[in-house]
Structures are given as C-alpha cells and as structure tokens.
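Coordinate inspection notes
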Amino acid sequence: MTALLLENVTKTFGKLAAVRGIDLKVDAGERVALLGHNGAGKSTSLRMVLGLTPLTSGRIDVLGHAPGSRAARALTGYLPENVAFHAALTAREQLHHFARLKSVKTALADELLERVGLGHALNRRIRTYSKGMRQRVGLAQALLGQPALALLDEPTSGLDPISRHDFYDIVDDLAKGGTAVLLSSHALTDLETRTDRIAIMSKGKLVANASLPELRAEARLPVRLEITTSPDATERISASLGGTRMNGQKLWLTCKQDEKMARLGQILALGGAVRDVDVTPASLEELYRHYSGHNLEAP
Amino acid sequence: MLSVFTIARQELLLARRNMWVATSVILMGLFTTVLTLAGDAPSGTLGVDPLLVATTSITTLSVYLVPLIGLLLSFDAISGESERGTLALSLTYPLSRGEILLGKFLAHFLVLGFAIAVGLGLAAVLVIWKHGMEDLSFAPLLKLFVTAQALGAAFLGLGYLVSAMVRQTGVASGIVIIIWLVSVVLYDLALLGALVADNGGSFTKNLFPFLLVANPADAFRLINMPDVSVPVLSSGLGAAGGASGLAGQVTSLLLWPFTTLFAAWLALRKVEP
Ligand SMILES: Nc1ncnc2c1ncn2[C@@H]1O[C@H](COP(=O)(O)OP(=O)(O)OP(=O)(O)O)[C@@H](O)[C@H]1O
Ligand SMILES: [Mg+2]
C-alpha cells in the first residue's frame, strides 16, 4: 500500500528552485532514507509533505489525503530538523500536550519517553536538557499514536553512537508495525544496513532512488579486494594479478562488480600463497559521491 | 474543538511558569490598592458612595493598565513561537490555526480576567473594610469588570494581529508599544487638538463623537465614568451625544475584540512557520 506519493513536485523560493520535479513513493512498512548535500532540498520536501510549505507545482498524496489536511496530519508523525519545545515545560508536560492534540492516551506518552531513554528526566524542565535529550523528546512526539507515516528530518543528529543504534531499532519496530518511514540523514554509515531504499537529492533533483544493492549494480563502482599473502610470495602474486602493493604482505586490487567472481577464482587458484582476501563493495559514501556528482575520488 | 482547550491549558501553564500571571496580578493589585487608599474619602463624607470613588480612579488606571497587560500577553504569541520553532511542530498536529488562536485567546483572557478580578476584589475589600457594607452599590464594579475584560480582549486581538503579521518578536514588541501609546495617550491628544482647532465647527458636531468611541480605551472610559468624564475631552463632550452614547460605547467595546481576533486569524492563516 502506498503511504506517500510525490509526483513531479516543484518548489521555488523567488528565483531559487529548491526542489525541481521530484517523484517519490514510500510504501507502508518501508524505510526510505533521503540523502543529499546541504541545501539539496530534503527539508523543503518534507515540509511540503506536511503542508507547512505550499508546493509550487506537482502533486502530493498522503494516504489518500491532501498534504497538510487534518486527516493527513492525524496520520503523520514529524520530527523537524531543529526541534524546539517550550523550555519552561517538563518533557512529560510537553508530551502529554501533544498526546492530547493527537487524541492519544497520556499514559502512552510516558511509555514513549521511557522508550527513548528519558525515563529518569521526565519531570525536569526541557530548558535543562542537553541537545541529544531534546532530540529524544522530538523523537518521542513523532512516534505518538504509531503514525502511518513518519517523517524524520535528521533524526540522529545530536545522538551518541549507542542512541543512534537504539534509534534505528525504534525505526525497525515502526516499520514492522506498518509505518512508512521517510528520514533524511547525513550519517551514512548507520543507513547502510537499516534502510530499505535510498533516495539521493542533488540541487533539488532526485538523482537516485533504489535499494543499496541496486544502486551498487547500477553505479558499477569498483569492488575492492585486499589480499594478504605469505611474505615471500607477494612479489610473484603482484606480478601475476596486477594491483598495488601496500606493504610486504598486502595487495590491493579493484575490479568491476561483474568481474568479481572471475577475479576471486584467479586468486584462489594461487593456492597456499594467499592467506586471506577481503572483499569490500562500494560503500554508501562512495555511492553517495558518485550519485550526487561529487566524484572526487579517482576511479 | 477539544484542541482549543488543550491549547488553552498549555498556555495557562506557560503563563504561570513564565510569570505572566504573577506580573499581571501584581500590576493590577498594586495599583488598584494604592489608588483606592489614596483616593479614599474620609469616612462619613456626605452622600458620596466610596465604592464609586474607587471605581472612578480604578477606571482611569485601567485605561492604561488593561491594554498594556493585554498587549504584553499577546505580542509574543505567534511571532515568538514562530521564531523559536515551536509553531511549526504545532501546525503538524491535527488542529486548525483558528483553534490555536482561540486556545491562546481563551487562556490569556482568563489570565487577564483573573488579574482584573484580583484588582477590583482588593479595592472592594478595602472599601468595605473602611466603610462597611451599607450604601455600597456593586453594579459599577461589575460593569467595570465586564468592560475591562472587553477592553483587554480588544488589545489581545490587536497583539495577536501584530504577532501574526511580523516575523520577529522584537519588531512585534516595538509595534505594540506604539499601539499602546497611540490608543491611550496620543489619540486623545490628537482629538483634543482637533477640537481646539475646529472651535465648535462641524468636526466637533459630526465627526468627533464617532472618533471618540472608535477608540476602545475612550469607549471604556466613557462607559465607566459618564459624569466625571475625561477632563481633557470634556469640552467636546457636550456636543458628543448620539454616537458616543451608551450604544456607541457598547458597540465599540464589542466590535473591537471580534474584529481584531478575526483579522489576527486571517493573518495567522498566511504565516509560514
Ligand atoms: N523559507 C525559505 N525561503 C527561501 N529559501 C529557502 C527557504 N527554505 C529553504 N530555502 C532554500 O531551499 C534550498 C533547500 O533547502 P533545504 O532546507 O530543503 O535543504 P536541505 O536539503 O534540508 O539541507 P540541509 O542538509 O542543510 O538540512 C536551500 O537553498 C535553502 O536556502
Ligand atoms: Mg535540512
């Protein structure tokens, strides 16, 4: 079931074209990451889905409702990129307020605060919270009432490594419950394993939109092979396979994705002289550079 | 509709936390007490209702204070939230902008009403304590309360309007100070100047009565002290029949809150957080 659909959506601010004709679909239970350089148009796209900013042209459909309509908002959870609360309230008071607006039981709000790890600070004023703690309050309010669509703008900013991990656990649970999750992020390493699809924006355009393996196949970025040899055989192996010698016993090779198996066959044929082989496909960062046109690394 | 009360509830909590309730109550309580004590006739003075004396001086005070409190409570309501980023998040919840505005209004109206009630209550208690209960007429006090609420509501609406129209809270605060100065001081001075220049001509007869009640602060003043009246304007008041009579005063005090709130709602609908 399609939860979110963007068709040829455009947004211009005066002369500046912030979003230029993007098409995007997110299904129920799907986790999609929106990547892109600063100013690529990620936040603007999310804000259009919420109806906070009107579109210049195109169409957005949120579970069959117009963006920003009351019905659409009732089904959506949103974490803004710079989340702000009333500093004079406690996290508990703030979240109870949001729960009432969403017609969710306030006891559930307490559970969510517990879930994001704020159980010990519930009754402290938000004024006294650290950046990461505020981010968690933001996350908790976005989860109220298990929304059918969750829009999370840089949800992991300000979170420590453990909390990031916990955050993706929460996202997994959301998706398992049928929530369509669209999140923007700059923290690429976390995303590799924890999202179903990756959409990359560059200068307002959607330049990639597929799963990680599909992106890899399509980009045809080289695979890196790192071979550890016995010390005496390094010279010989280097001569027969090519590649770059790193040190006395290490050799680096790169090859196309579809040549990988043939290359591995050659390496294995060398027998006992090869002690170990590491195969590293193109990382998300390399893919990201490739697609967003910042191809700074030599091929 | 329930959202209105949810918003109002949070606003009341915030008003308490941010000391707006305390500030308003202290302002009203302090000044009414001082004025009641200072303006008090020695007990036994012939035939003057001591409560009437008190309401007269409190009216003069309220003309300045009630609009000020109204504007203080409201100038930050939209622009401040927009600036701090809390408005954007609120707007992604399933409630309309009208409900947000109404909720805030309800809360601020209650805060204002509480402050006025404390002020008038203190005045009444002081008068009763000095003069006893006999011969007191509470009707003027009640009228003062109701009309002060209407006056306050008008300036709450004005504050929201300004707050929704500008982006920065700093600018909003500047504008509401100007609004306050104009409506409680400069407007009367300008009218007076025009009266003197006109010297009993057609302006005094035709336009002046309308212009006088058009200002809610003046309508409030007239309705609460019809006899004593505004000294500076009394020269023109002889001519000010019809429009500036009771009907005009009530219309002005009712029309201002509704129009300004409606205008604020229109402005809020255009706000992009
Ligand atoms: N209200 C606005 N008025 C004018 N320009 C805007 C407005 N909002 C965004 N922009 C412009 O639109 C472009 C896209 O901004 P957006 O915030 O969507 O980027 P982003 O992809 O979220 O970037 P970041 O990674 O830095 O958060 C930027 O050039 C920005 O300056
Ligand atoms: Mg952004």
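Throughout, a residue's number is its position along its own chain's written sequence, starting from 1. As they are written, the chains are lettered A onward and the ligands numbered 1 onward, keeping that order. Residue-level local features of this predicted model are given only where pLDDT is at least 70; pairs of side-chain atoms are given and counted only at 80 or more, and the full residue set underlies all totals for whole chains, interfaces and linings. Based on all heavy atoms of the structure, the side-chain values leave hydrogens and waters out of the count.

Residues and elements named next belong to chain A. We call a residue near a molecule or strand when any one of its heavy atoms sits within 4 Å of it. Near ligand 1 you find 14 residues, and of these Gly-39, Lys-42, Ser-43, Thr-44 and His-186 are the closest. Whenever two N or O atoms come within 3.5 Å, that pair is a polar contact, provided that in protein one can donate a hydrogen and the other can accept it, and provided that, for residues adjacent in sequence, both atoms are side-chain atoms. Backbone polar atom of Gly-39 to an oxygen atom of ligand 1: 2.8 Å apart, as the coordinates give it. Between Gly-41 and ligand 1, the recorded distance is 2.9 Å, taken from a backbone N or O atom to an oxygen atom. Where accessible areas are quoted, they stem from the Shrake-Rupley method and a 1.4 Å probe; at the residue level, only the protein chains shown are allowed to cover. Protein contacts shield 62% of the accessible area of ligand 1, which totals 630 Å² for the unbound molecule.

The set of buried Ala, Val, Leu, Ile, Met, Phe, Trp, Tyr and Cys residues whose side-chain atoms join them within 4.5 Å is what this entry labels a nonpolar core. The rule is simple: take the accessible area with a 1.4 Å probe, protein chains only, and divide by the maximum for that residue type; under 20% is buried, over 50% is exposed, in between is partly exposed. Of all hydrophobic cores here, the largest spans 144 residues; its most connected members are Leu4(A), Leu35(A), Leu151(A), Leu152(A), Leu182(A) and Leu183(A). What counts as a helix is a DSSP run of H or I of at least four residues, what counts as a strand is a run of E of at least two, and both are numbered from the N terminus. Looking at which element gives the most residues to this core, the answer is helix 7 (residues 139-165) of chain B, with 14 residues. In this analysis, two residues are considered to be in contact whenever any of their non-hydrogen atoms come within 4.5 Å of each other. With residues up to four places along the chain from it excluded, the contact list for Leu182(A) reads Leu4(A), Leu24(A), Val26(A), Val32(A), Leu34(A), Leu46(A), Ala150(A), Leu151(A) and Leu152(A). Counting residues in hydrophobic clusters, the runner-up holds 13 residues, among them Val223(A), Ile237(A), Leu253(A) and Val274(A).

Let us now look at helix 5 (residues 131-143) of chain A. With 13 residues, helix 5 of chain A should cover 18 Å at 1.5 Å per step; its first-to-last C-alpha distance of 19 Å lies within 8% of that length. The buried fraction of helix 5 of chain A amounts to 11 of the 13 residues, a majority that puts the element mostly inside the structure. Among all positions of helix 5 of chain A, only Gly132(A), Met133(A), Gln135(A), Arg136(A), Val137(A), Gly138(A), Leu139(A), Ala140(A), Gln141(A), Ala142(A) and Leu143(A) are buried. For helix 5 of chain A, the elements touching its buried residues are strand 5 (76-79), helix 3 (91-101), helix 4 (106-115), strand 6 (149-153) and helix 6 (161-176) of chain A together with helix 5 (86-91) of chain B. Backbone geometry just after helix 5 of chain A places Gly145(A) at a positive phi near 70 degrees. By this rule the span expected of a helix is its residue count minus one, scaled by 1.5 Å.

Moving on, we get to the pattern of salt bridges. Here, a salt bridge means any Lys or Arg side-chain nitrogen found within 4 Å of an Asp or Glu carboxyl oxygen. Counted according to the given criterion, the structure contains 23 salt bridges over all chains. Residues Arg70(A) and Glu99(B) are paired through a salt bridge, measuring 2.8 Å at the closest nitrogen-oxygen approach. Pair noted here: Arg70(A) is in helix 2 (residues 70-74) and Glu99(B) is in helix 6 (residues 97-131), and the two residues belong to different chains. By relative accessible area, Arg70(A) is classed as partly exposed at 41%. Overall, Glu99(B) belongs to the buried group, its relative accessible area being 9%. The partner of Glu285(A) in a salt bridge is Arg289(A), with the nearest N and O atoms 3.4 Å apart. Taken as a pair, Glu285(A) and Arg289(A) lie in helix 11 (residues 284-291) at a separation of 4 residues, close to a single helical turn. Classification of Glu285(A) as partly exposed rests on a relative accessible area of 41%.

For the rest of this paragraph, the subject is the sheet that holds strand 4 (residues 57-62) of chain A. All names here are of chain A. Paired strands are those between which DSSP finds at least two bridges. Read from one edge of the open sheet, 3 strands run 2-1-4, paired in antiparallel fashion. Each of the sheet's edge strands pairs with one partner strand only, and the pair in question is strand 2 (16-27) and strand 4. For this sheet the average axis-to-axis angle between neighbouring strands, irrespective of direction, equals 15 degrees. Where strand 1 (residues 2-13) and strand 4 come together, 5 bridges link them in antiparallel fashion. Within strand 4, the residue paired with Thr-10 across the bridge is Ser-57. Fitting a line to C-alpha atoms yields each axis, with helices limited to the stretch in contact; the angle taken between N-to-C directions then spans 0 to 180 degrees. Packed on one face of the sheet, helix 1 (residues 42-50) meets strand 1, strand 2 and strand 4 and runs near 115 degrees to strand 1.

Residues and elements named next belong to chain A. Excluding water, the donors of a metal are its N, O and S neighbours within 2.8 Å, or within 3.2 Å for Na, K and Ca, and that exclusion means sites may look incomplete. Around the magnesium ion (ligand 2), the donor atoms from the protein are Ser-43 (OG) and Glu-81 (OE), and they sit 1.9 to 2.5 Å away. Residue Ser-43 is located in helix 1, and its partner Glu-81 is located in the loop between strand 5 and helix 3; the two are separated by 38 residues in the primary sequence. On the basis of relative accessible area, Glu-81 is assigned to the partly exposed category, the value being 31%.

This part is about the sheet that holds strand 3 (residues 31-36) of chain A. Residues and elements named next belong to chain A. Pairing within the open sheet is mixed, and its 6 strands lie in the order 5-6-7-3-8-9. Among the strands making up the open sheet, the edge pair consists of strand 5 and strand 9 (205-210). Each strand axis lies, on average, 15 degrees off the axis of its neighbour in the sheet, ignoring direction. For strand 6 and strand 7 (residues 180-184), the ladder comprises 5 bridges, and the chain directions are parallel.

A few words on the domain arrangement of chain A. Segmentation into domains, and thus their bounds, comes from an automatic or database assignment. Under the domain assignment, chain A is made up of domain 1 (2-217) and domain 2 (222-281). Look at where the C-alpha atoms of domain 1 of chain A and domain 2 of chain A centre, and you get two points 43 Å apart.

The relative placement of two packed helices comes down to the angle between their axes together with the axis-to-axis distance. Residues and elements named next belong to chain B. Between helix 8 (residues 169-198) and helix 9 (residues 202-214), the shortest axis-to-axis distance is 10 Å and the interhelical angle comes to 175 degrees. Judged by the angle between their axes, helix 8 and helix 9 are roughly antiparallel. Contacts between helix 8 and helix 9 involve Tyr-187, Leu-191, Ala-194, Leu-195 and Asp-198 from the former and Ser-202, Phe-203, Thr-204, Phe-208, Leu-211, Leu-212 and Ala-214 from the latter. For this classification, Asp, Glu, Lys and Arg are treated as charged, while Ala, Val, Leu, Ile, Met, Phe, Trp, Tyr, Cys and Pro are nonpolar and the rest, including Gly, are polar. By residue class, the composition of the contact of helix 8 with helix 9 is 9 nonpolar, 2 polar and 1 charged. For classification, angles of less than 35 degrees are called roughly parallel, those exceeding 145 degrees roughly antiparallel, those between 65 and 115 degrees roughly perpendicular, and all remaining angles oblique.

On to the interface of chain A and chain B, then. Listed by partner, the interface residues are 27 residues for chain A and 24 residues for chain B. As used here, buried area is the combined drop in accessible area, with a 1.4 Å probe, of two parts when they are placed together. Across the chain A to chain B interface the summed buried area is about 2500 Å²; carbon plus sulfur atoms make up 58%. Contact with chain B buries surface across chain A, with Arg73(A), His86(A) and Leu101(A) losing the most and accounting together for 26% of the total. Counting every contact that joins chain A to chain B gives 2 salt bridges. Here Glu93(A) ties to Arg17(B) by a salt bridge, and the two come within 2.8 Å at their closest N and O atoms. Applying the counting rule to chain A against chain B returns 11 residue pairs in polar contact (both at pLDDT 80 or more). Split by residue class, the side of chain A that touches chain B holds 14 nonpolar, 6 polar and 7 charged.

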